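Residue strings, one per chain:
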Amino acid sequence: MTTAFLDLGTAHTACREELQATFARVLDKGHFILGEEVEAFEAEFAQYCGVPHCIGVGNGLDALLLILRAMGIGPGDEVIVPAHTFIATWLAVTQCGARPVAVESQTAGYNIDPARIEAAITPRTRAIIAVHLYGEPADMDALQAIADRHGLRLIEDAAQAHGARYKGRRTGSLADAAAFSFYPTKNLGALGDGGAVTTRDPALADSIRQLRNYGSRIKYQHDVAGYNTRLDELQAALLRVKLRQLDTLNAARQQVAQRYLEALADTPGLRLPHPAGLVEHVWHLFVIRTPQREQLAAALGARGIATMVHYPTPCHLQGVYRNDGYPALQATSTLCGEVLSLPMWPGLDPEPVIQALQEASL
């Protein structure tokens, strides 16, 4: 018996017929870019997040990049980013011409540590990007207080946290703007690529709508150097179907995570995630830590349990940044050497994973 790391088919079983009917509807309409489906999804996702504006774009990286561009951040500026995150967070800053300034994670968790941020702020700092890593919201009140004290913009990277809550408020509504990815493996995943920006700021929303469409508000009139990065009609229509199931599927992930936490609490050699109080984690990933990761992953693999590592090489040691003068960031390098992601998806039976971990405990 084997346990896959992720089974996307399970998430589509209940809505398969509706997805197929939706595809046929969009095909029959014959309108595939910036039409009724995108407008409807933008309205529905904005309402879900609790904000007035949502702008569909091509992917999560572009969502972050357009936020930064619309905020006027560019060459000579600095943006505070987590040292431990997927590289897209850093690349968005680099692509707008600014410099990512890395801050390490909280000792007890995976998200950026607010207590270390002010030491990293300089006269060039313009914004803080808070990544809700693995589906757990960052400490947004503490981050907002820092941003307010220093006159900085606060941005959510919510690519892994669709539907998560911080003190009762959903991600996407916790900062000046938020970037989402709808990559197929996400909690709210398209059947291709896609992304979105959510915000309360009408001027920011208008600027991002212009930037996503060649810098144009009126066809064939281009006032800024924009991009071609638009959520297409088909993906928007499919996402509308899946958005209606999101809370149910997140609840199923939470059940799996709770079983892991209960059953593995006393397993030697494992360090389990401990979500902060007053947050609702949606468990995009369930990530444990062990100094003997390779041995444990091999032992689980031999028992038919698939695992992954998110992320084995920290951003500051990637080739694109290796020669840019970043400090050692030893805590992040240690973290990247210990993290191991267990199978996590709605409908997963966690018992074979738990048994294998208990048998393979190092």
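Residues numbered from 1 in each chain as written. Predicted model: local features only at pLDDT ≥ 70, side-chain atom pairs only at ≥ 80, totals over all residues. Heavy atoms only, no water.

Peer 1: How do you make sense of the sheet that holds strand E7 (residues 169–170) when you look at a structure like this?
Peer 2: Pairing between the strands of a sheet comes from backbone hydrogen bonds, and it takes one of two forms, parallel or antiparallel. An order of E7-E6-E12 is seen for the 3 strands of this open sheet, with the pairing classed as antiparallel. Looking at the sheet topology across the chains shown, the edges are occupied by E7 and strand E12 (279–280). (Pairing = 2+ DSSP bridges. Helix = DSSP H or I, 4+ residues; strand = E, 2+ residues; numbered from the N terminus.)

Peer 1: Explain the packing of aromatic side chains to me, please; I cannot follow it from the model alone.
Peer 2: Per the counting criterion, the structure on display carries 12 aromatic pairs. Between Tyr 321 and Tyr 326, the ring centres sit 6.3 Å apart and the planes meet at 90°, which makes this aromatic pair edge-to-face. Positioned above the aromatic ring of Tyr 48, the side-chain terminus of Arg 170 is 4.0 Å from the ring centre. (Phe/Tyr/Trp six-rings, centres within 6.5 Å; stacked < 30°, edge-to-face > 60°. Lys NZ or Arg CZ within 6 Å of the ring centre and 35° of its normal.)

Peer 1: Just checking my understanding: could you explain helix H6 (residues 140–150) for this structure?
Peer 2: An α-helical turn contains 3.6 residues, so any two residues separated by three or four positions project in the same direction. What H6 keeps buried is the set Met 140, Leu 143, Ile 146 and Ala 147. When H6 is viewed along its axis, its buried side chains cluster within an angular range of 125° and face the same direction. Away from the buried face of H6 by more than 90 degrees, exposed residues Asp 148 and Arg 149 are located. As for H6, its buried residues are in contact with strand E4 (125–131), strand E5 (153–157) and strand E6 (165–166). (Buried < 20%, exposed > 50% of the residue type's maximum accessible area, 1.4 Å probe, protein only. Arc of directions from axis to C-beta. Contact = heavy atoms within 4.5 Å.)

Peer 1: Would you mind showing me how to read the nonpolar core here?
Peer 2: When a protein is soluble and globular, its nonpolar side chains tend to lie buried together. Ile 67, Leu 68, Ile 73, Val 79, Ile 129, Tyr 134 and Ile 155 are the most contacted members of the largest nonpolar core, which totals 44 residues. Secondary structure elements with two or more residues in this core: strand E1 (53–57), helix H4 (60–70), strand E2 (78–82), helix H5 (88–95), E4, strand E8 (177–181) and helix H7 (202–212). Contacts of Tyr 134, omitting those with residues within four sequence positions, involve His 84, Tyr 110, Gln 160, His 281, Trp 283, His 284, Leu 285, Val 287, His 310, Tyr 311 and Val 339. The next biggest cluster of nonpolar side chains, apart from the first, holds 25 residues, and it includes Ala 257, Ile 305, Leu 348 and Leu 357. (Core = buried A, V, L, I, M, F, W, Y, C linked by side-chain atoms within 4.5 Å.)

Peer 1: What is the right way to read the pairing of E8 from this model?
Peer 2: Sheet faces and side chains relate simply in a regular strand, where the side chains alternate between the two faces. Most of E8 sits inside the fold, with 5 of its 5 residues counted as buried. Burial along E8 is two-sided: the residues Ala 177, Ala 179 and Ser 181 and Ala 178 and Phe 180 are all buried. Across 3 bridges, the pairing between E5 and E8 is parallel. Its bridge partner being in E8, Glu 156 is matched across the sheet by Ala 178. Where E8 meets strand E9 (residues 195–199), 5 bridges bridge the pair, whose relative direction is antiparallel.

Peer 1: Quick question: what am I supposed to make of H4 here?
Peer 2: Burial analysis of H4 places 8 of its 11 residues in the buried class, which makes it a mostly covered element. Of the residues making up H4, those classed as buried are Gly 60, Asp 62, Ala 63, Leu 64, Leu 65, Leu 66, Ile 67 and Leu 68. In this structure Asn 59 caps H4, since a side-chain oxygen of it lies 3.2 Å from the backbone nitrogen of Leu 61. One or two positions beyond H4, positive phi appears at Gly 72, with a value near 80°. (Polar contact = N/O pair within 3.5 Å; in protein donor to acceptor, adjacent residues only side chain to side chain.)

Peer 1: Any chance you could explain the pattern of salt bridges here in plain terms?
Peer 2: Side-chain pairs of opposite charge can arise whenever the charged atoms involved come near each other. Scanning the entire structure with this criterion turns up 23 salt bridges. Across the pair Arg 240 and Glu 37 runs a salt bridge whose closest N-O atoms are separated by 2.9 Å. Of the two residues, Arg 240 is situated in helix H8 (residues 233–243) and Glu 37 in helix H3 (residues 36–49); the sequence distance between them amounts to 203 residues. Take Glu 37: its relative accessible area is 2%, and that puts it in the buried class. Two residues, Glu 294 and Arg 293, come together in a salt bridge whose shortest N-O distance is 3.3 Å. Owing to a relative accessible area of 49%, Glu 294 belongs among the partly exposed residues under this scheme. On the basis of relative accessible area, Arg 293 is assigned to the buried category, the value being 7%. (Salt bridge = Lys/Arg side-chain N within 4 Å of Asp/Glu carboxyl O.)

Peer 1: Where do I start with the state of the cysteines in this structure?
Peer 2: Disulfide: a covalent bond connecting the sulfur atoms of a pair of cysteines. A full pass over the atoms with the stated rule returns 0 disulfides. Here Cys 54 stays unpaired: no disulfide links it, and the sulfur of Cys 49, its closest cysteine neighbor, is 7.0 Å away. A relative accessible area of 2% means that Cys 54 is categorised as buried. Cys 96 takes part in no disulfide bond, and the closest cysteine sulfur, belonging to Cys 315, lies 15 Å away. (Disulfide = S-S within 2.5 Å.)

Peer 1: Got a minute to help me understand the environment of Ala 297 in this structure?
Peer 2: For Ala 297, the position within the fold is in helix H10 (residues 293–302). Ala 297 gets classed as partly exposed once you look at its relative accessible area, which sits at 22%. The spacing of Ala 297 and Ala 360 is 63 residues in sequence and 9.2 Å in space, taken between C-alpha atoms. In contact with Ala 297, not counting residues within four places along its chain, are Thr 307 and Leu 340.

Peer 1: Is there a simple way to think about the pairing of strand E14 (residues 339–342) in this case?
Peer 2: Side-chain alternation along E14 places Val 339 and Ser 341 on one buried face and Leu 340 and Leu 342 on a second face that is also buried. The sheet contact formed by strand E13 (residues 286–289) and E14 spans 4 bridges and is antiparallel. By the bridge assignment for E14, Phe 286 is matched with Leu 342.

So yeah, pure geometry; function would need other evidence.
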